[in-house]
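The lines below spell out each chain.
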Amino acid sequence: KIPMSSKSRLNKILNHLATNNTTNENNIDTIESYELFKVPPRWLFLRIKTKNDIIGWGEPNLEGYTDTVLTAVHELMNLLINSDEAIDVGNINYIW
């Protein structure tokens, strides 16, 4: 379970991406890439970049389970980036 503080931070980033999105030919902005930064002893930071060059930062972490969260983020981001359909970053309900 993701702590509410981390979930609300990620929601803020996704909301920002959705509302400050410049449109492409499909009228949506999609995630192009991401980076994870593991900072000992227990922090994890996520940088997301969209195809419209919007960058957002988040802190996906669960105290004591940084490696587990890191793996979950990799799996979820690969699903979002490598999907056959473009997934609109504004579609927060689908992403959650």
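Look up a bit, the structure's there.
A. Up close: the sheet that holds strand β2 (residues 43–50). Across the sheet, three strands lie side by side as β1-β2-β3; this open sheet has antiparallel pairing. Strand pairing shows two members of the sheet lacking a second neighbour, β1 (31–39) and β3 (55–58), which therefore form its edges. Strand-to-strand, the axes of this sheet are offset by a mean angle of 15°, without reference to chain direction. Across four bridges, the pairing between β2 and β3 is antiparallel. Within the sheet, the bridge partner assigned to arginine 47 lies in β3 and is tryptophan 57. The strands touched by helix α2 (residues 66–81) within the sheet are β1 and β2, with β1 carrying the most contacts at an inclination of about 175°.

B. Focus on the pattern of salt bridges. Under the counting rule described, the total for this entry stands at five salt bridges. Measuring nitrogen to oxygen at the nearest pair gives 3.1 Å for the salt bridge that ties arginine 42 to glutamate 63. Of this pair, arginine 42 sits in the loop between β1 and β2 while glutamate 63 sits in the loop between β3 and α2, and the two are 21 residues apart along the sequence. Across the pair aspartate 53 and lysine 49 runs a salt bridge, and its minimum N-O distance is 3.0 Å.

C. The packing of aromatic side chains, seen in detail. For the structure shown, the criterion picks out one aromatic pair. The cationic tip of arginine 42 hangs over the ring face of tryptophan 43; the distance from NZ or CZ to the ring centre is 5.2 Å.

D. Region of the structure containing the environment of glutamate 32. Summarising the element assignment, glutamate 32 is placed in strand β1. Residue glutamate 32 is classed as partly exposed on the basis of its relative accessible area, which comes to 36%. When the C-alpha positions of glutamate 32 and leucine 80 are compared, they lie 9.3 Å apart, and in sequence the two are 48 residues distant. Discounting chain neighbours no more than four positions away, the residues touching glutamate 32 are Lys49, Thr50, Lys51 and Ile81. One polar contact links glutamate 32 to lysine 49, side chain to side chain, over a distance of 2.7 Å.

E. Quick peek at the pairing of β2. Taken across its eight residues, β2 has six buried, putting it largely inside the fold. Pairing between β1 and β2: eight bridges, direction antiparallel. By the bridge assignment, leucine 36 is partnered in β2 with leucine 46. A loop of three residues connects β1 with β2, the two strands running antiparallel in sequence.

F. Geometry of the pairing of β3. Going residue by residue along β3, you find Gly56 and Gly58 tucked away on one face and Ile55 and Trp57 left uncovered on the opposite face. Hairpin connection, β2 to β3: the antiparallel pair is bridged by four residues, and aspartate 53 has positive phi, about 60°.

G. Structural view of the nonpolar core. Counting residues in each nonpolar core, the largest one holds eleven residues, listed as Ile31, Tyr34, Leu36, Leu44, Leu46, Ile48, Val69, Leu70, Val73, Met77 and Leu80. Looking at this core, the element that brings in the most residues is α2, giving five residues.

About the thresholds
- Residues numbered from 1 in each chain as written.
- Predicted model: local features only at pLDDT ≥ 70, side-chain atom pairs only at ≥ 80, totals over all residues.
- Heavy atoms only, no water.
- Pairing = 2+ DSSP bridges.
- Helix = DSSP H or I, 4+ residues; strand = E, 2+ residues; numbered from the N terminus.
- Axes fitted to C-alpha atoms, helices over the stretch in contact; angles between N-to-C directions.
- Contact = heavy atoms within 4.5 Å.
- Salt bridge = Lys/Arg side-chain N within 4 Å of Asp/Glu carboxyl O.
- Phe/Tyr/Trp six-rings, centres within 6.5 Å; stacked < 30°, edge-to-face > 60°.
- Lys NZ or Arg CZ within 6 Å of the ring centre and 35° of its normal.
- Buried < 20%, exposed > 50% of the residue type's maximum accessible area, 1.4 Å probe, protein only.
- Polar contact = N/O pair within 3.5 Å; in protein donor to acceptor, adjacent residues only side chain to side chain.
- Core = buried A, V, L, I, M, F, W, Y, C linked by side-chain atoms within 4.5 Å.

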